[in-house]
Amino acid sequence: MRARLAYLDAYRALYRREQTAGLVACLIGALVLVGGRYGPLAASWMVWLGAAIIAAGWILFTVVIFRRTAWVRTHPFDPTGQI
């Protein structure tokens, strides 16, 4: 059981920085989008910039998913602990 929990902890720690960057990008993009749409002095290009930042955040999420999947395929869980 400890080996499985260690494996899951290692898996969850993979690419955490990229995942957090994707989340932050989505949040910043949402703020820029709302500010561009409802701000009294905001430029219309801010809406497009916000949408582009949100898309970049989702691309980061997708990259993390594919990279984690590739890692799991190359490092399958072995309950016996032998390689």
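On a predicted model such as this, the values are computed, not experimentally measured, just so you know.

Q: Looking at this structure, how should I read the packing of helix α1 (residues 2–13) against helix α3 (residues 45–74)?
A: For the pair α1 and α3, interaxial distance at closest approach is 10 Å and the crossing angle is 150 degrees. For the crossing formed where α1 meets α3, the hand is right-handed. In contact with Y7, A10, Y11 and R12 of α1, α3 contributes R68, W71 and V72. A class-by-class count of the residues in the contact of α1 with α3 yields 5 nonpolar, no polar and 2 charged.

Q: Got a minute to help me understand the packing of aromatic side chains in this structure?
A: Within a pair of aromatic rings, the relevant descriptors are the distance that separates the centres and the angle that separates the planes. Applying the stated rule across the entire model yields 3 aromatic pairs. Taking the centre distance of 5.3 Å and the plane angle of 55 degrees together, the rings of Y7 and F77 count as tilted. In this pair, Y7 sits in helix α1 while F77 sits in the segment after α3, placing the two residues 70 residues apart along the sequence. You can call Y7 buried: its relative accessible area is 17%. Using a relative accessible area of 28% as the deciding quantity, one classes F77 as partly exposed.

Q: When you look at α3 in this model, what are you seeing that I'm missing?
A: Because an α-helix completes one turn every 3.6 residues, residues spaced three or four positions apart along the sequence face the same direction. Given a rise of 1.5 Å per residue, 30 residues ought to cover 44 Å, and the 44 Å separating the end C-alpha atoms of α3 matches this to within 8%. Within α3 the residues assigned to the buried category are G50, G57, F61, V64, R68 and W71. Turning to α3, the residues buried within the fold contact α1 and α2 (16–38).

Q: Teacher, can you tell me more about the pattern of salt bridges here?
A: For side chains of opposite charge, pairing can occur when their charged atoms come near one another. Summed over all chains, the structure comprises 1 salt bridge. Among the salt bridges present, the one from E18 reaches R67, with a minimum N-O distance of 4.0 Å. In this pair, E18 sits in helix α2 while R67 sits in helix α3, placing the two residues 49 residues apart along the sequence. Note on E18: relative accessible area 28%, which makes it partly exposed.

Q: Sorry, what's going on with α2 here?
A: With 23 residues, α2 should reach 33 Å at 1.5 Å per residue; the first-to-last C-alpha distance of 33 Å fits that figure. Of the residues making up α2, those classed as buried are G22, A25, C26, G29, V32 and G36.

Q: Is there a simple way to think about the side chain of R68 in this case?
A: With respect to the element layout, R68 can be found in helix α3. Summary of buried charges: R68 has no salt-bridge partner, and the nearest side chain of opposite charge, E18, is 8.1 Å away. Ignoring anything within four residues of it in the chain, the contact list for R68 reads Y11, R12, L14, Y15 and Q19.

What counts and what doesn't
Residues numbered from 1 in each chain as written. Predicted model: local features only at pLDDT ≥ 70, side-chain atom pairs only at ≥ 80, totals over all residues. Heavy atoms only, no water. Axes fitted to C-alpha atoms, helices over the stretch in contact; angles between N-to-C directions. Helix = DSSP H or I, 4+ residues; strand = E, 2+ residues; numbered from the N terminus. Left-handed = near helix turned anticlockwise from the far one by under 90°. Contact = heavy atoms within 4.5 Å. Nonpolar A, V, L, I, M, F, W, Y, C, P; charged D, E, K, R; others polar. Phe/Tyr/Trp six-rings, centres within 6.5 Å; stacked < 30°, edge-to-face > 60°. Buried < 20%, exposed > 50% of the residue type's maximum accessible area, 1.4 Å probe, protein only. Expected span 1.5 Å × (residues − 1). Salt bridge = Lys/Arg side-chain N within 4 Å of Asp/Glu carboxyl O. Lys, Arg positive; Asp, Glu negative; His and termini not counted.

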